[in-house]
Each structure stands twice: as C-alpha cells, then as structure tokens.
Amino acid sequence: MALRMSWQVSPVASAGEEVPDVEGAVAALDRSVRRIRERVLTGPEGRDLGESARLMRSLILDDGRAAVERGERWSASVGEIEVTLSPINEAA
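Residues numbered from 1 in each chain as written. Predicted model: local features only at pLDDT ≥ 70, side-chain atom pairs only at ≥ 80, totals over all residues. Heavy atoms only, no water.

**Considering the side chain of Thr 84**
Then comes step 1: Looking at where Thr 84 falls in the secondary structure, it is placed in strand 4 (residues 81-87).
Then comes step 2: For Thr 84, the side chain forms a polar contact with the side chain of Ser 75, separated by 3.1 Å. (Helix = DSSP H or I, 4+ residues; strand = E, 2+ residues; numbered from the N terminus. Polar contact = N/O pair within 3.5 Å; in protein donor to acceptor, adjacent residues only side chain to side chain.)

Below, the structure is given as structure tokens:
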C-alpha cells in the first residue's frame, strides 16, 4: 500500500514523499536522520536524535502499520521527530 509520508525534525528540517509501504517510510526516515546527523547535529544532539529515530521506527512499524492497514492517517511525535503517514487511495 503506497503511503504519503511527511516528517519533521524540529527545528532542522522537514519533507514529504511518497513511499511504497511502512518499510519504505522507515528507510526514508533513516536516510533523513543520517543526513542530519552527518551535517547538522554531530554532537550530543545527534545522539539524542538517533535515539528518537530508533523509537520512531518502532512506532511506525507497529502502530503506524496497523493504522494505515485500516486505511487511517497516522501521526506520532518522539522528541524532535514528528512523522505522519497517510494511505494513498490507489483507486482514485
């Protein structure tokens, strides 16, 4: 099931993209967090962001997956990370 994903790492960055599934959402989040940790938050803030991302991955794969499989929009915040997943109606 294709999803529209939006994410924000306050106050550093935000983006949105279409992903094929929840695993794709996790991969997109991982890429973004890795770039931020390499370029912007390299010290203790980067470690904190990494921990927030680890917790968010778990939420996406559990609660997020359950919600989008029901056809519902899902959103969560952990630390400075906020993610929203919205199922894309493929029949539209």
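**Notes on helix 2 (residues 44-69)**
Then comes step 1: For helix 2, with 26 residues, the first-to-last C-alpha span of 36 Å sits near the 38 Å given by 1.5 Å per residue.
Then comes step 2: Taking the largest bend as the criterion, helix 2 deviates by roughly 35°, centred on Ile 60.
Then comes step 3: One or two steps after helix 2, the chain reaches Gly 71, where phi turns positive at roughly 85°. (Expected span 1.5 Å × (residues − 1). Bend = angle between axes of the 7 residues up to and from the residue.)

**A look at the pattern of salt bridges**
Pairing between side chains of opposite charge can happen when the charged atoms of each approach one another.
Then comes step 1: Enumeration according to the criterion identifies five salt bridges in this entry.
Then comes step 2: Glu 23 is paired through a salt bridge with Arg 65; the nearest N and O atoms lie 2.8 Å apart. One end of the pair, Glu 23, is in helix 1 (residues 22-39); the other, Arg 65, is in helix 2, and 42 residues separate them in sequence.
Then comes step 3: Look at Glu 23 and you get partly exposed, because its relative accessible area is 40%.
Then comes step 4: Assessed through its relative accessible area of 24%, Arg 65 is described here as partly exposed.
Then comes step 5: Two residues, Arg 54 and Glu 51, come together in a salt bridge whose shortest N-O distance is 2.6 Å. In this pair, Arg 54 and Glu 51 are both assigned in helix 2, three residues apart and thus about one turn of the helix distant.
Then comes step 6: The class of Arg 54 is partly exposed, set by a relative accessible area of 44%.
Then comes step 7: Judged by its relative accessible area of 37%, Glu 51 is partly exposed. (Salt bridge = Lys/Arg side-chain N within 4 Å of Asp/Glu carboxyl O. Buried < 20%, exposed > 50% of the residue type's maximum accessible area, 1.4 Å probe, protein only.)

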